[in-house]
Each structure stands twice: as C-alpha cells, then as structure tokens.
Amino acid sequence: MRFRQNLVWLLLVLALGAFVALDLGRYLSFEQLKASQAIFSQLHAEQPFTVAAVYFGVYVLATALSIPGAVIITLAGGAVFGLWQGLLLVSFASTLGATLAFLASRFLLREWVEARFGQRLADINAGVDKEGAFYLFTLRLIPVVPFFLINLLMGLTRMKTWTFYWVSQLGMLAGTAVYVNAGTQLAQLESLQGILSPALLGSFVLLGVFPLIARRIVAAIQKRKVYARWADQHPKSFDRNLIVIGGGAGGLVSAYIAAAVKAKVTLIEAHKMGGDCLNYGCVPSKALIKSAKLAHQMRHASKYGLSDATPSFSFKAVMQRVHDVIKAIEPHDSIERYTGLGVEVLQGYGRLVNPWTVEVALNDGTTGQDGTPKVVRLTARSIVIAAGARPFIPSLPGLDDVGYVTSDTLWDAFALLDEVPQRLVVLGGGSIGCELAQSFARLGSHVTQVEMGERLMVREDVEVSELAKASLEADGVQVLTGHQALRCELVDGEKTLVVEHNGAEKRIVFDQLLCAVGRVARLQGYGLEDLGIPTHCTVDTNEYLQTIYPNIYAAGDVAGPFQFTHTAAHQAWYAAVNALFGEWKLFKADYSVIPWATFIDPEVARVGLNEQEAQEKNIAFEVTKYGIDDLDRAIADSEAHGFVKVLTVPGKDKILGVTIVGAHAADLLAEYVLAMKHGLGLNKILGTIHTYPTMSEANKYAAGEWKRAHAPQRLLAWVKKYHDWRRG
C-alpha cells in the first residue's frame, strides 16, 4: 500500500514538474487561445475524431492534476467544437477528471488525515452520509468556489465515488454550458472579464443559493405533511408557551429556562420532583458511599497512625441518613421553589393527545364526576419530553419468585431491614453495580458481583477495569466476570442464583439480589405511540433534539445518548431554547466535551477519548501518564494510588481525552473539562499556579510529563554549549 502511494506521489510530482519545466502554462492564457483558434479549428476540420480525443484526454489530465486553466480549456472546447459537441466533451471530461482527483485525494491523503483529525472527520462524514450529495450539488452550482478544492476535500470523506460522479456531472452542467457557449463567441471576447462579469457571477451565486431556498420549501412541505393528520386539532391560540413532561434534571432545567425568559410554562411530574437523581440515584448512592467509606477508614485507621476499629452502627440509622440527605436536598427541586420561579407545576400523569395538547390526570386527590382522577387539558406551542429512565430488569427465570431490588427500590426496601444484607448478589458490572457492591461490602455484606462480560466497567480502558476489580476485591467483593446468570431458584426458603462459566454451572446462595444491569428510557404511557413518534431504545431526535414533530423535543435519559444528570441538564438548555426561539435560530446539541465519573474508591473520572475508543475510531494519539503515588498531598493523605492519563494529538499539547483514577478524581477532572471546552492545551495547565499541597497538582505534573517528553533536545544541546562557553 505504501509503495503504491509513493509511486502515485512520484508520478504526480513528475507530471507537475514537467508542466512547470516545459512552461506549458503559457498555452493556458486567453491571448494564446485567441491566437491559436484558427489553427485548432483547421486541425479539427481535417481530423475531427483525433482532435476530439486528444482534447478530451488533455482536459481529463488537467482536471485530475488540478492544473489551473480549466476556464481556458473550456473556452477552447466551445471555440473549436461548437456548443453541443463542446458541451458534451467538456461535461464528461471535467467530471471524469474531477473524479480522478477525488480518488487520488482519497488514496493519498485520507489515511493521513484520519490519523490526525479522526474525530473531526467522523463528524464531517456523518453530515456527508446524511446530506453530502445535496451540499456537493450546491457547491457545484457556484463556479466562484474552486472546483479543484472541492474535488480534493470530498476525497477525504467517505462519499461514494458514484455519488460524487453523478452529482458533479449534474451540478457543473450549468456553469459548463455558460463557458462553452462563451467559447463559441471567442472572437468577440476581449478578455475573461467578458465572461466573468459581476452579473454572471451573481447569477451563479443565486443559482447556488436556490437549493438552500428549495430545501426550506421542502422542509415546510414535510412539516405540513407531518402535521396533516392533526390539522383539524391545531389550536387557534395556546394556553402556554411550553409544557414539560417530567420533573427530573432535564425537565427541571427546561422549565427553569422557560420561566427565566418569561415564557408561560407548565411542568408535569407524576411521582417525585427531582426525578431519579435526587430520589434513587446520584444523591442516595453518594450518601451511602460516604457512610461506607467512613466505616472502611475506621477498619483501616492504622494507615493514619490510629488504631484499627470495628465500626459499630445501626443499618437502619445508615439508611435513615440516606433519606435525611434526600430530604435536605429536596427543597432545591421542590414544587414550592419552582412555583416561586414562575413555573406552574402539576402533579399527575401527562399524555400527549396531539402535537400541541397534553392531557393530565391529576393525582392530587381531585376527581371528576365519574370518580376517576380529574383530567385537565393544556395546549402549548412547544413540548419537551423529559420522562427519564428506569432500571432494566433481565428476563431471568425465577427472578420474581426469589424477589429482587433495583437501584430505584433498594432505598425503601433496605430501610426496613434491621441489619445489612448478609449475602448480597449484585447483577451487573457497570458504574451503578460497582458503586453499590463496594459500599455494601464495606458496611459488612458478603457481596458477590456477577458480570456477564469479561471485565468490569467495559467502557473504560483495560487497566482501569483491572484496577476497579482489584479495589472491589480488596474490600471483600467476590467479582465474577465472564459469568452469565441463567436462572434463580427458591428451594425450602433458600434463594439461589445459578450462573454459567466456561460451560460449568455454579450456584450462589443469597439473601438479597440487586439488579444493576443498566437503565432504559421510559417510552410508554404518555402518548408517543399515539402520535407515531419513533423510538429506538430512546426517543428519536435530530441534532436539535426535535422529534418528527418540530415543536416536540426530548431531553435527558429519554433522549440519550448519555444517562448522566449533568448531560440531561446540558440537553435541557438546547431543548428549551430551541422550543421557545427555534423559529429564529436552532442550536445543535453539543456533545464534544462530556465528563463522567464512577464513585468507587478510588474514583474513576473521564472526559473525551480513552485509549480503547481512540483505537476503535482510528484516531492517532499520544499518551502521557502521571502516577498519583508520587504526589505530595496524596502521600500525606495516604491516598497515594491511581494516575492521571492524558491523550493528546501527536506532537501537540491539544487534549483529546483524560482519565483520572484516584481520590477526588471527579473534582480533578473539571480542570480538563474546562481546558477541552475552550481549546486550552497542556502548556496552559502547566503554566497555571496550583495551590500546594493539593490533589489538583496532579494535573500540573501530568502536563509537566508531557512537556518533558516534548523538550526540544537539539535546542537544549546548543543551550548546554552556551552555558559551557559562559563558564569559560
């Protein structure tokens, strides 16, 4: 492959070298063309087929090599062959030459570009897959845009060759006809300005803009078609500007933004304000993790020069603290707070009736005449769906017989227990499963964690997975990776999980079973199916978070692709702003810098790419790694374990991604999130003063490791000689 690329490069260099050395460019001038018109016309009259073939070949070669002078050669076609034959020859020759340039660019440059700009090219390719033909056609209609540049750049994408050919043939036809026709009037032309008049160029620009206008018209027609079945239900006026379904992070932020810009907004929540994060996820789990960590530190107090102690505690008190923490934070997400901000909050089950109407069955105790919950109908110009997600329950035979808890239900179920579950099985090796497995093990449970895959936390690099497994096992968790759960059994009151590993079955006896195998978006029960809104694991949306109905948006877990509270809030801004002001300006949701963390001990935090993702996407990278075991503050705190791993563009300090494993990793990550968001490199982090002694110095030292690896050795050698000279 490399040999063939080098051979093509050699041929190109030789061809261009010959063009320059022989001064062939002198033949591609307007004056030379006028002077030679009679000679070419006579040759054509004597040998029409030979001249046409030679002309065709020269045109193809010139276009393929991106040699300037296509306008002159095109004029020559009109002058020698006339309008129709010239148009035929030029149209096919220019398209064939452009396609050859397209293929040459792909063969010679795409691999190199992908290696250095893989992520950006991936985003471009996604757009090309969707609308590449449309944009190529638009560019081809505007001769002001250098066609050779279009050929080369399109070759770097994954556009199909046939698509490039036929779109180019069609798109360049209008411009080709103008120039060939001008060539038939060559004798009357005084200069190229006679062709490239401002009026003509303006016409071409308008011709290029026309598809964009046409696209708007087509979009309007499609929009009308989507809403056609609801045309007779379109409200003449609206009660509200925005209705939000769901009171989790996505819904709360959407409603908050709408109220902040003085829109009339109603938020509908069927259960608890604050959604999963406050009531079942982030908040209670972190409260539990803190209690478990303190118990762990007491058992290992000798690390701090104290005496090890067995913690004495009431499990009920631990779980009560979890609920107290939830109650302490509840006011931040309460009905009272949001009502005070100007949001109308209705507690009940909302259901989409049509694209502008939501029916709410209130659960405040009020009933209608038939005794059922009172139903109210609301209309709004726009709607945001933020229905969240729920734990996924595997279809495991016998699961209902033995009973189970999820990350949603364990907080109430375990609050009833007098003691921590003695034998706990955790199904799932993701973030939720790892956090809860370690916490309950530290509180005294004998925990067995079962993961079907070959390692825990499969989205992270292998070394991170291994470190996480070692950490959990050090706390007493029996980690069974590569084990598939087959069934549950209940025999004489004893609960058993049967798993399979390497063809052999194994039985695990337990008191409590926690299902933590993932979460799925809530897609049923509020009218998506009635409106025909497509769903595939999540609600289908475009880059603006719009569903098939442009006035209905989705945000948070129900929209994906991430299931993080901070991502839900991030999406909510786009959904709310687009819903309220989209007729003027739509904003594409930006997922370029998304951080996340797993709060095991040590914490694992990441933003951007890790090594396995970069390799999967064929993105070139360098790795810089700093071991936290070398950090003064970590040593002082007896937390000297973990690392900071930074991926950068080869030879540059631009950050592609960061993984941090260690104490307070999620907090340390924020500096890199800021840097990546605003295009700051490792040199900027190295030049920032970090307080001593703090864990944040790990970021500075990681940047220092990169700087040391990229020190200008040749320059330093000369500097050494300078200092030697200065010493005499």
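First things first, this report covers the structure right here in the doc. (Residues numbered from 1 in each chain as written. Predicted model: local features only at pLDDT ≥ 70, side-chain atom pairs only at ≥ 80, totals over all residues. Heavy atoms only, no water.)

### Observations regarding the overall build of the protein chain
When helices and strands are tallied, the protein chain shows 25 helices and 23 strands. Relative to its 728 residues, the protein chain shows a buried fraction of 45%. Restricting to contacts in the protein chain with at least 6 residues of sequence separation, those with at least 24 account for 67%. Approximately 36400 Å² of the protein chain is accessible, and the part contributed by carbon and sulfur atoms is 60%. (Helix = DSSP H or I, 4+ residues; strand = E, 2+ residues; numbered from the N terminus. Buried < 20%, exposed > 50% of the residue type's maximum accessible area, 1.4 Å probe, protein only. Contact = heavy atoms within 4.5 Å. Areas by Shrake-Rupley, 256 points an atom, 1.4 Å probe, with all protein chains shown as cover.)

### Describing the pairing of strand β22 (residues 643–648)
Across the six residues of β22, six count as buried, placing the element largely inside the fold. The alternating pattern of β22 places Phe643, Lys645 and Leu647 on one face and Val644, Val646 and Thr648 on the opposite face, and all of these are buried. Relative to β22, strand β21 (residues 622–627) runs antiparallel, the two being bridged by six bridges. When the bridges of β22 are listed, Val623 appears paired with Leu647. When β22 meets strand β23 (residues 655–662), the two strands line up antiparallel, connected through six bridges. Across the sheet, the residue bridging to Thr648 is Ile655, located in β23. Here β22 folds back onto β23, and the loop between the two strands holds six residues, one of which, Gly651, carries a positive phi near 80°. (Pairing = 2+ DSSP bridges.)

### Topic: the nonpolar core
Ranked by internal contacts, the top residues of the largest apolar core, which has 38 residues, are Leu288 and Phe440. Setting aside its immediate chain neighbours within four residues, Phe440 contacts Leu288, Phe315, Leu410, Phe414, Val420, Leu424, Ser445 and Val447. (Core = buried A, V, L, I, M, F, W, Y, C linked by side-chain atoms within 4.5 Å.)

### Focus on the environment of Asn683
The residue Asn683 is located in helix α23 (residues 682–686) in this model. Here the alpha-carbon distance between Asn683 and Lys700, two residues 17 residues apart in the chain, equals 9.3 Å. Residues in contact with Asn683, not counting those within four places in the same chain, are Asp653, Trp706 and Lys707.

### A short note on the packing of aromatic side chains
The full count for this structure, using the stated rule, is 14 aromatic pairs. Judged by centre distance (5.5 Å) and plane angle (70°), the rings of Trp573 and Phe587 are edge-to-face. Highlighted residues: Trp573 in helix α19 (residues 565–581) and Phe587 in the loop between α19 and β19 (595–598), separated in sequence by 14 residues. For Phe587, a relative accessible area of 30% corresponds to the partly exposed category. Members of the aromatic cluster, each reached through a chain of ring pairs, are Phe562, Phe564, Tyr591 and Trp596. When the ring centre of Trp596 is taken as reference, the NZ or CZ atom of Arg459 above it lies at 4.8 Å. (Phe/Tyr/Trp six-rings, centres within 6.5 Å; stacked < 30°, edge-to-face > 60°. Lys NZ or Arg CZ within 6 Å of the ring centre and 35° of its normal.)

### Things to note about the sheet that holds strand β7 (residues 405–406)
In space, the five strands of this open sheet follow the order β7-β14-β8-β9-β10, with parallel pairing throughout. The open sheet has two edge strands, β7 and β10 (478–481), and neither has a second partner. Pairing of strand β8 (residues 423–427) with strand β9 (residues 446–451), which is carried by five bridges, proceeds in the parallel orientation. Counterpart to Leu424 in the pairing with β9 is Val447. Running at roughly 165° to β9, helix α16 (residues 431–442) makes contact with β8, β9 and β14 (512–515) of the sheet. (Axes fitted to C-alpha atoms, helices over the stretch in contact; angles between N-to-C directions.)

### Let's talk about the packing of helix α9 (residues 249–260) against α19
The relative placement of two packed helices is expressed as an angle between their axes plus a distance between the axes. With their axes 8 Å apart at the nearest point, α9 and α19 run at an angle of 40° to one another. The angle between α9 and α19 falls in the class oblique. Helix-helix and strand crossings are classified by hand; for α9 and α19 the assignment is right-handed. Contacts from Ala249, Gly250, Val253, Ser254, Ile257 and Ala258 in α9 reach Thr565, Ala568, Ala569, Ala572, Trp573, Ala576, Val577 and Leu580 in α19. (Parallel < 35°, antiparallel > 145°, perpendicular 65-115°, else oblique. Left-handed = near helix turned anticlockwise from the far one by under 90°.)

### Observations concerning the side chain of Thr547
Following the sequence through the fold, Thr547 ends up in the loop between β17 (538–539) and β18 (552–554). Assessed through its relative accessible area of 7%, Thr547 is described here as buried.

### Observations regarding the pattern of salt bridges
Scanning the model with the defined rule gives 28 salt bridges in all. Arg519 serves as the salt-bridge partner of Asp408, at 3.2 Å between the closest nitrogen and oxygen. Taken together, the residues Asp408 in the loop between β7 and α15 (410–415) and Arg519 in strand β15 (residues 519–521) connect sequence positions 111 residues apart. Take Asp408 and Arg519: they sit in the same class, and that class is buried. Measuring nitrogen to oxygen at the nearest pair gives 3.1 Å for the salt bridge that ties Arg606 to Glu613. What makes Glu613 buried here is its relative accessible area of 16%. Through salt bridges with shared partners, a single network forms among Asp461, Glu463, Glu611, Lys625 and Lys645. (Salt bridge = Lys/Arg side-chain N within 4 Å of Asp/Glu carboxyl O.)

### Let's talk about the packing of helix α11 (residues 282–299) against α16
Close contact between α11 and α16 brings their axes to 8 Å; oriented N to C, the two are set at 45°. The angle between the axes of α11 and α16 places the two elements in the oblique class. The element α11 and its partner α16 pack so that their crossing is left-handed. Facing Ser285, Lys286, Leu288, Ile289, Ala292, Lys293, Ala295, His296 and Arg299 of α11, the residues of α16 in contact are Glu435, Leu436, Ser439, Phe440 and Arg442. A breakdown of the residues in the contact of α11 with α16 according to their chemical character gives six nonpolar, three polar and five charged. (Nonpolar A, V, L, I, M, F, W, Y, C, P; charged D, E, K, R; others polar.)

### Considering α9
Between its first and last C-alpha atoms α9 spans 16 Å; for 12 residues at 1.5 Å apiece the expected length is 16 Å, and the two agree. Burial analysis of α9 places nine of its 12 residues in the buried class, which makes it a mostly covered element. Where α9 is concerned, the buried positions are Ala249, Gly250, Gly251, Leu252, Ser254, Ala255, Ile257, Ala258 and Ala259. Buried residues along α9 sit in contact with β1 (240–245), β2 (265–269), α13 (335–340), β5 (375–385) and α19. (Expected span 1.5 Å × (residues − 1).)

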